Structure formats: C-alpha cells, structure tokens
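Take a look at the letters that make up each chain.
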Amino acid sequence: MGTFMGVYLPCLQNIFGVILFLRLTWVVGTAGVLQAFAIVLICCCCTMLTAISMSAIATNGVVPAGGSYFMISRALGPEFGGAVGLCFYLGTTFAAAMYILGAIEIFLIYIFPRAAIFRSDDALKESAAMLNNMRVYGTAFLVLMVLVVFVGVRYVNKFASLFLACVIVSILAIYAGAIKSSFAPPNFPVCMLGNRTLSSRHIDVCSKTKEMNNMTVPSKLWGFFCNSSHYFNVTCDDYFEHNNVTSIQGIPGLASGIIVENLWSNYLPKGELIEKPSAKSSDFLGNLNHEYVLVDITTSFTLLVGIFFPSVTGIMAGSNRSGDLKDAQKSIPIGTILAILTTSFVYLSSVVLFGACIEGVVLRDKFGDAVKGNLVVGTLSWPSPWVIVIGSFFSTCGAGLQSLTGAPRLLQAIAKDNIIPFLRVFGHSKANGEPTWALLLTAVIAELGILIASLDLVAPILSMFFLMCYLFVNLACALQTLLRTPNWRPRFRYYHWALSFMGMSICVALMFISSWYYAIVAMVIAGMIYKYIEYQGAEKEWGDGIRGLSLSAARFALLRLEEGPPHTKNWRPQLLVMLKLDEDLHVKHPRLLTFASQLKAGKGLTIVGSVLVGNFLENYGEALAAEQTIKHLMEAEKVKGFCQLVVAAKLREGISHLIQSCGLGGMKHNTVVMGWPNGWRQSEDARAWKTFIGTVRVTTAAHLALLVAKNVSFFPSNVEPFAEGNIDVWWIVHDGGMLMLLPFLLKQHKVWRKCAIRIFTVAQLEDNSIQMKKDLATFLYHLRIEAEVEVVEMHDSDISAYTYERTLMMEQRSQMLRHMRLSKTEREREAQLVKDRNSMLRLTSIGSDEDEETETYQEKVHMTWTKDKYMASRGHKPKTLEGFQDLLNMRPDQSNVRRMHTAVKLNEVIVNKSHEAKLVLLNMPGPPRNPEGDENYMEFLEVLTEGLERVLLVRGGGSEVITIYS
C-alpha cells in the first residue's frame, strides 16, 4: 500500500473518533473557546512532536510488523519495550471499550431511546439506570464485535473504508451547516425560565399557559412547577412565579456574534443549573426541578484534558501497518504528519465554529436536553441532524472493531518476543494466524472498561496509557540522538532531541494535569512490568539505546573516578577473588565465592579471577569453558561482578598479571581474597605453598589488602544463617582498620546478622590494660561499631616477636588509642595531622623486624621449625624420636625459636578465648624478605591458627579504610 491508503486514511480513521461528535461541543461550552482551543492545541502539539520522533525511529531501518511496540522495544530494550508495549496494548483495549460506550450512548440517547431496559422517573436515579443500560448493551455489542473479529479480519478491513466515509461525510456536514448558519440558521428554540435552561424533552409549549378551545389553560410546564396542571389558583415554585418563560435560538449562527459570550470558561460542580449569564432573572432560588438542565459531572480544566486527549490518539495506525507498506520509510512520516495536520485543523476550526454558531447553554448541555434530545453537533449540521447521528454511530463501531483487531495482534507480538514469560500462551494463534487467546484476553479487559459504563471515566484511563506510550517514543528518539549511536541514521531528517524532550515534557504534564492518581497508577504498572522483565532476565540483545546509555554513563563515571584516590569514608572492599580450578575446570573452593558475596552484601566491585596454565593459542576454548563455569557459579551464589580468566605459561606469572591488570581506571580492586593451601605440609610438591607466598608478596608490593580464608570449606553457605555466635577479632596491630571494618560488613549479610562482634587486643607487661580497654571502647564508639572489648594479658611471653612495638605499626595503634583521650578541640585540630601522618606511613611487614633483619636472614636457615621441635627446645620431651634426633644434630636459630614461641602462646590464648567463635579474624604477618625463610613463615601461620574452625587472616593495604569523622 502507498502513503495515502496505507498511512494517511488509517490514521484519519483512528484519530477522528467518538469524542469529536459526543464531547467536543461540551468541552467548548464548559471551557470556553479560548481554553478549549488551548486544550486541543496542547494535545495536538503532543501528538505532532511524538509523530516527529516516531518518524525518525521508523525510518532508521526496516520496521517489520508490530509497529510502535517493535520500534520502542528495539530502541529502548526489552524492559522498556515490554512495559510500553503493554501500556499501548491496554490503551488500545480500553479504546475499544470507549468506542463501544460511545456507540451505545448514540444508540440509546439519540437513535432509539425506547430501547432502554432500565428506566426511572426520579431524575436522580435516571443516570444510574442509564449506566446499567450502557453495561447491558455494551456487553452485547462487545460480544458481537468479538465474533466479527474472530470470524475474519478481512471483513473488518473491507468495512474500514465505509466507516471512514461516514466520518468524512459527518465532518463535511458540520462545515456545511456552519456556513449555512451564517445566512439561514436552523430553527432549534431553547426554552428558558429566567436565565435557567429548561429541558424540552417533556414540554409541549415553551410558555406557562397555552390556548385551548379559545381558553387559556395551564401548560405542561405549569404542572411541573405548580401543585396542579389544571388550575391557576395554586401554589407554585417561587422562581417560576417571579420569572418569565422565554424562547431563545439554540443555533444563532456564524454572524450572530455569540462567540463573545462563549469565549470564557464556565466550570460548575455536579448538580448545578445551566444558566445564561446575559439573561434577566429574579433573585428567588426556588426548588431544583428535574425539568431544568443540570450539570451531570463536576467539571474542571484538568478533567476536560483527560476526556479530550483520546480524540488525538491513533497516530500509530500507519506504523502498525508497516509490514503492508510499499515503502514504509517514506510513507510513515509523510502520511502520519499529514493526518495529524488535517485532524488538528479540523479540531481547532471546530472549536471556533462551535463557539461562533451555537448558544452557550446548548454547548454546555451534554446530552442535548434543551434541543429536544438532539445530538448537539447534529443541530448545527446540514442537511439533517441524522447525518451526524448515523455517521458517528457507524464510525464509532468501525473504530471499536479496528481496536479489537489491533490490540490482540500487539499482544501476540509481545508474547512472541518471549520477554514476559506469563504471556507466552497469548503468542499462539489459529492456523490462519489469528491470535485467538489474545482476542479473548482483550475482550475480558474491554469488558472491564464497559462495566465502568461512563465515557467520561474511561477516557482519562485511556489517555494515561497512550501518554505513557508517546512519552517513551519521544524518550527513545531523544536518547538515540544524544548518544549519537553509530547505527542511528534515520532517513527522516526533520527531528531534533530538543523536540523529543519537549514532547516528553508535554506527555508528563498532560498525564498529571488530566489525573495525577491515574498517572501514578499507570507509572506503577509500567514500572512493575519493567522490573518483572528485568528480574526474569530478558536475555535479548537488541542493540537498544538504554544499553548505549549505560555505556555512556559508565564511561562518564569511570572518568570521574579517575580524578583522585578515594577518601577514607568512601573506601569499600573492591574484591579480586582468586579461584583455583581443577583438571576438569571445576572450581575447587566455591565457598570462597559465597564468602565474597556475604562480604559485599551486594555492593561494590567483585572480580573473580583464575589462571589457566598453558598456551593461549591452544587453550582458548578451555578458557571460554572455564569462564562459563565461573559465571554460572557466580550466578548461583548471587555474586554480582565480573569474571577474568588469564592463560599463562606459569601459574605465579598468571596470578601476578591478574593482580596487576584487573579492573579499569578507578574501578580497580583494592583487596585480594584467596584460600589457604590446605595440606601443604603433606604435599610433595612445594609449588602450592610457594605460589601462595608469591601471591602474598605480589599483593603486598601492589599495596593491596589481603584476605586469606583458612578452612574455607567450613564457611557457611548463603542459606544457613547463624542463629547466634561471635565474630572474634584479634587486633594485634592497627593496619588501616580492615579488622574493624570487615566484621561490620559481614554483619550486613543475613548469614552473619545475628552474630556479635568481640574485639580482643593483647596487652604486655608494660601496658596499662584497664586504660587500653577504655581507649579501645571509646575508639569503637566513635567508629559507630558495636562490639565487646576484651584485653588479654600475656606477661610470660615475648609477644614482641610478632608485633614489634618498635615498628611504626604498633606505634600507630598506641597513638590512635592515645588520640582518643584528647579533648574535642585538640582532637579536631590534630585530626588532619594524624590523617596525613598515617597516610605517609609505609606499613612495615609484621613478620620481619627491620632491626633484626641482618641477624635473622644473613644466617642460612637449615631447617623447618615445627611445633614438636619448638617444644623440645623448651625442655619438653619430643613426641617422636626423629624430632629429638633433629634437635641433637642441629642448632636451632634463636629468632625462629622466638617466633614459634610467640605463635604457640598466642594460639593457646586465641583457642582458649575463641574456640567457639563462628569466625576468627587475625592480623596476618608479612612474608620474610629472604625467600629461604618461607617454610618457617608457613609453619608460623599454621601454628598460629591451629585448632580454629574458621579463620580469616587479614593484611591491610597500607591505607586507612575507616574513620571516626563524619
């Protein structure tokens, strides 16, 4: 099909609808010509701007069937596409309900009023009876229309041109009538009592009396306002007595100058009388009589916007037929924009013509009670009001059929995309491709609209869904234009992001103007659909704009992060989790990932790294398979992060590459998480523990924090939270506050939430343990960390081999505690000073004392110093003969003895206090400078942590990670 038949005429048919014939005159009468013109202009601008955006999207590549849904989903991604597609579907379905209600209103009020099933003589109950009639007939009409659509769409398409002809003839009749009214206005007298409008449905003559057999007798009107319709000397209504009954012309005509009176608004609450301001009236109130014409709904500018907006929707009709067009990229923009210009001209000129030709009280009379129950637009038309009545009836029926045809196809397109799992069933169709199940759902939703039964209440609901849809069309165009996606090359050139933003703004404004609570409901529905699709994990890559936006935002954020090192307050563990793979490429310690997820509580960066030994060219396939395995495990453990796999000739080289090069810009890891090499003593291959120490050295050199999980297989999974227990922190030296921060972060996760934190610190002979405890408690209070503090005294042991208070680190801890005792002003003055000094400290490795370095490592260490040998050197009987033999043959190194002594004593104290703890956190000493002491170092750590179920060895990265300042 070409532009005219394929786009222009379908758009015209969809845009011109029930509102033009049934409500536009009432909108003009209530809002006044000026405000009505503004309402129509705003709505037309909204659709015009949307059409420009839509034309740009529609001409950027081939748009297959699915029209607007396809365009939005491919431009904004599956989440937005699904949300907007469903909004558009609901809008179209409610449109069907609105058209059916419009057709029933025309049928019951103007064509065949006697067909009403429910009647009431009481004026107040009459409207309720009318609503019930609408429900019954509406449901019958809906069933009939659904059957027509079910039998065959081809019949609907055949009749489409006939329905369109009805619309065009009706509009031409209005223009002809308006022109004729300038020289020969039609005769539609309106009966007035004082300045009040009277309903002419039950009145025989417009006067208080009438001549009958040469006698003056009371008219029917007299009977309505007085006690008797036969006698004059009876009590009558005060207002009726003191005011005259007059007749005015309902259609004064174009040349009458009535437009001056109709310029201004006349908003009234429900139940108010419709009055002519310029007519004379006495001040008597009188009683409300059902012969007066009353306002049936409380009116306001915002209400009228909501009711009128559906009459400008339908601009997507052309793009919905994109599959049937000869050249969609050329036809859609031209046809749609021409259709909008045509309809906008008709609407705006109609507003002026109605205001200039029709009396104000008639315009405000929604159902034509004052003009003998005629359709108000019909009174203006030529040659007869029946042209409009019949024409509008058929056009609304046609529009309803079009909506019932289009909506199920839209739902089928969404269901076939498979982004909303519960809609999958609606993707099925009959053998000829008709969406049967989708049609049934559409009929059920449309029935909900019909049960509302009032055109004025259904229209704002419809407006919301269409406005949501248009808003996202504009957003899609603006996003693509601003992001300058390489693929964004529309053939339609007359678009700009500013126009799209203006269109978006008008859509949002109209949503909240017409009904703020419906707007919120529509947004909540769209938001819920969006989150549902996101939660279900729509694995569709459509090259959409939101993906492009994410890339731009990520780039911007990364460049911002690069500007400087993070402040202590913003420090959070950005983890690099080192996983080990076995021969079958399965992860050896999956609990390491579980622990990482618990530590992150879902925040910050997590990179999961692993090394594959081999040649990259040969092992590429294996690397991809291993990466997939790790990703699946990350998904199972709900770890949000990235996977990085390196293929290297040597394991240690690969680990070094990972630690150096992972991350990007400011999003780099600052903490390495790894497992302890279990069974390293029994292993014949020394490479395992040598790789471990190598990793510790590389991490220290890179100034990264290090977390080593020992007995990681005993760590809890995410589904077994602890009901009680303690997290014990052994704070031997202060190394940036990692030991304080980690238990706090762990407690954010449900597994550790119910555990209490206990902090132990070791006091020596010269330490004042009471003061130390007090200082530490104050320090924790200022850190806002709730923990129990305990000071453990170790007088008989030379703890300095472990801590070396001569090193800056121990000094730093004492300084920190001493700092807590300063007065507030001093503390504030010294705060920055301490911060600067601390950041300058090059944290020395704990396990090697600078002073003793020469003494310790210039000697060749000939032995591995085990616990048994240590016991023997202290005078205990060795457990084995071999140990005793070793002791005889070798002179143990004094510094190793001291170290082992420290480890054993500390281990005794830790096991004594923390044997039931759910997790023990310990300072991890640095590795020795001389690699020949590596085995002793491993032995030292092994002895230190012996007898503890779950241990986390912590080594700071050389920077403060926690602060007392806000």
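Residues take numbers from 1 onward in each chain, read along the sequence in its written order. Predicted model: local features are reported for residues with pLDDT of at least 70 only, side-chain atom pairs are reported and counted for 80 or more only, and whole-chain, interface and lining totals are derived from all residues. Water and hydrogen atoms were dropped before computing side-chain values, which therefore reflect all heavy atoms in the structure.

On to the overall build of the chain. Each helix and strand counted, the chain has 35 helices and 15 strands in total. Only protein chains enter the accessibility calculation, which uses a 1.4 Å probe; a residue whose area is less than 20% of its type maximum is buried, one above 50% is exposed, and one in between is partly exposed. Scored against the burial criterion, the 966 residues of the chain give a buried share of 55%. Residue pairs in contact within the chain that sit at least 24 positions apart in sequence constitute 81% of those at least 6 positions apart. The method behind every accessible area is Shrake-Rupley, applied with a 1.4 Å probe, and residues are considered shielded solely by the protein chains displayed. Summing over all exposed atoms, the chain offers an accessible surface of approximately 43,400 Å²; the carbon and sulfur share of this is 58%. Going along the chain from the N terminus, every DSSP run of H or I of four or more residues is numbered as a helix, and every run of E of two or more is numbered as a strand. In what follows, residue pairs with any heavy atoms lying within 4.5 Å of each other are defined as contacts.

Once that is clear, we can look at the sheet that holds strand β9 (residues 671–675). By definition, two strands form a pair when at least two bridges between them are found by DSSP. As summarised here, the arrangement of the 10 strands in space is β8-β7-β6-β9-β10-β15-β14-β11-β12-β13, forming an open sheet in which the pairing is mixed. Of all the strands in the sheet, just β8 (642–648) and β13 (788–793) have a single pairing partner and so form its edges. For this sheet the average axis-to-axis angle between neighbouring strands, irrespective of direction, equals 20°. Relative to strand β12 (residues 756–763), strand β11 (residues 726–730) runs parallel, the two sharing 5 bridges. The residue bridging N726 from the neighbouring strand is A756, located in β12. Axes here refer to lines fitted to C-alpha atoms; in helices the fit is confined to the stretch in contact. Angles between the N-to-C directions go from 0 to 180 degrees. In the packing of helix α24 (residues 651–661) onto the sheet, contacts are made with β6 (575–579), β7 (606–613), β8 and β9, and the angle to β7 comes to roughly 155°.

Okay, the nonpolar core next. For soluble globular proteins, nonpolar side chains are generally found buried alongside one another. For the purposes of this section, nonpolar cores are sets of buried Ala, Val, Leu, Ile, Met, Phe, Trp, Tyr and Cys residues that join through side-chain atoms within 4.5 Å. Core analysis: the biggest nonpolar cluster contains 173 residues, and M98, F308, F309, Y347, F354, I358 and F472 have the highest contact counts within it. Segmentation into domains, and thus their bounds, comes from an automatic or database assignment. When residues of this core are sorted by domain, at least three fall in each of domain 1 (3–187 + 293–319 + 328–466) and domain 2 (517–564). Sequence-distant contacts of F472, that is, excluding residues within four places in its chain, are made with I72, L76, F80 and V84. Core analysis: the second largest hydrophobic core is formed by 55 residues, A626, L645, F722 and L780 among them.

Planes of paired rings set the category: under 30 degrees apart is stacked, over 60 is edge-to-face and the rest tilted, where pairs are Phe, Tyr or Trp rings (Trp by its six-membered ring) whose centres lie within 6.5 Å. Counted by the stated rule, this structure contains 29 aromatic pairs. When the centroid spacing of 6.1 Å and the interplanar angle of 20° are considered together, the rings of W731 and F779 count as stacked. A residue pair is termed long-range when its members are at least 10 positions apart, and W731 in the loop between β11 and α26 (738–746) and F779 in helix α27 (residues 769–782) qualify at 48 residues. The class of W731 is buried, set by a relative accessible area of 1%. By relative accessible area, which is 2% here, F779 ends up buried.

Per residue, pLDDT measures the predictor's confidence, with a range of 0 to 100. Looking at the chain, the pLDDT average stands at 80 and 84% of residues meet or exceed 70. The element-level mean pLDDT for the chain is lowest in helix α33 (residues 881–889), coming to 31, with helix α19 (residues 497–514) highest at 94. Confidence drops under pLDDT 50 across residues 800–811; counting only partners more than four residues distant or on other chains, this segment forms 41 contacts. Low pLDDT, under 50, characterises residues 830–892; the stretch is placed with 99 contacts to residues that sit more than four places away or in other chains.

What follows covers the state of the cysteines. We call a pair of cysteine sulfur atoms a disulfide whenever their separation is within 2.5 Å. Going through the model one piece at a time under the given rule, you end up with 2 disulfides. The disulfide that involves C191 links it to C206, with 1.9 Å between the sulfurs. Its S-S torsion of about 95° marks the bond between C191 and C206 as right-handed, since a negative value means left-handed. Within this pair, whereas C191 is found in strand β1 (residues 189–193), its partner C206 is found in the loop between β2 (196–197) and β3 (209–212), the two being separated by 15 residues in sequence. Looking at C191, the relative accessible area reads 5%, which means it is buried. C226 shares a disulfide with C236; S-S distance 1.7 Å. Torsion about the S-S bond of the C226 and C236 cystine: about 110°, corresponding to right-handed handedness. With C226 in the loop between α8 (220–225) and α9 (238–242) and C236 in the loop between α8 and α9, this residue pair connects regions lying 10 residues apart in the sequence. Accessibility classification places C226 together with C236 in one group, the buried group. Shown here for the chain is a disulfide pattern of 1-2, 3-4, where each number marks a bonded cysteine counted in sequence order. Here C397 is not cross-linked by a disulfide; its sulfur's nearest cysteine counterpart is in C166, at 9.6 Å.

With that settled, consider a positive patch on the surface. Residues K638, K640, K750 and R753 make up a contiguous surface patch of positive charge. Relative to the helices and strands, K640 is located in the loop between α23 (616–636) and β8. Judged by its relative accessible area of 71%, K640 is exposed. Surface patches are defined over residues having more than 30% relative accessible area and no salt bridge, joining like charges when they lie within 9 Å and nonpolar side chains (Val, Leu, Ile, Met, Phe, Trp, Tyr) when within 5 Å. Just to be clear on terms, a salt bridge is a Lys or Arg side-chain nitrogen sitting within 4 Å of an Asp or Glu carboxyl oxygen. Here the positive residues are Lys and Arg and the negative ones are Asp and Glu; neither His nor the chain ends is included. Lysine's charge is taken at NZ, arginine's at CZ, aspartate's at CG and glutamate's at CD.

Right, let's talk about the packing of helix α3 (residues 24–58) against α19 for a bit. Between α3 and α19, the least distance of the axes is 9 Å, while the angle of their chain directions is 140°. With respect to α19, the axis of α3 lies oblique. Crossing geometry of α3 relative to α19 is assigned as left-handed. For the pair formed by α3 and α19, the contact residues are I42, C45, C46, L49, T50, I52 and S53 on the first element and L499, S500, M502, G503, I506, C507 and L510 on the second. Looking at the contact of α3 with α19, its residues break down into 10 nonpolar, 4 polar and no charged. Here the angle decides the label: under 35 degrees means roughly parallel, over 145 means roughly antiparallel, 65 to 115 means roughly perpendicular, and every other value means oblique. Helix crossings fall into two classes, left-handed where the near helix is turned counterclockwise from the far one by less than a right angle and right-handed where it is turned clockwise. Amino acids are sorted into nonpolar (Ala, Val, Leu, Ile, Met, Phe, Trp, Tyr, Cys and Pro), charged (Asp, Glu, Lys and Arg) and polar (every other residue, Gly among them).

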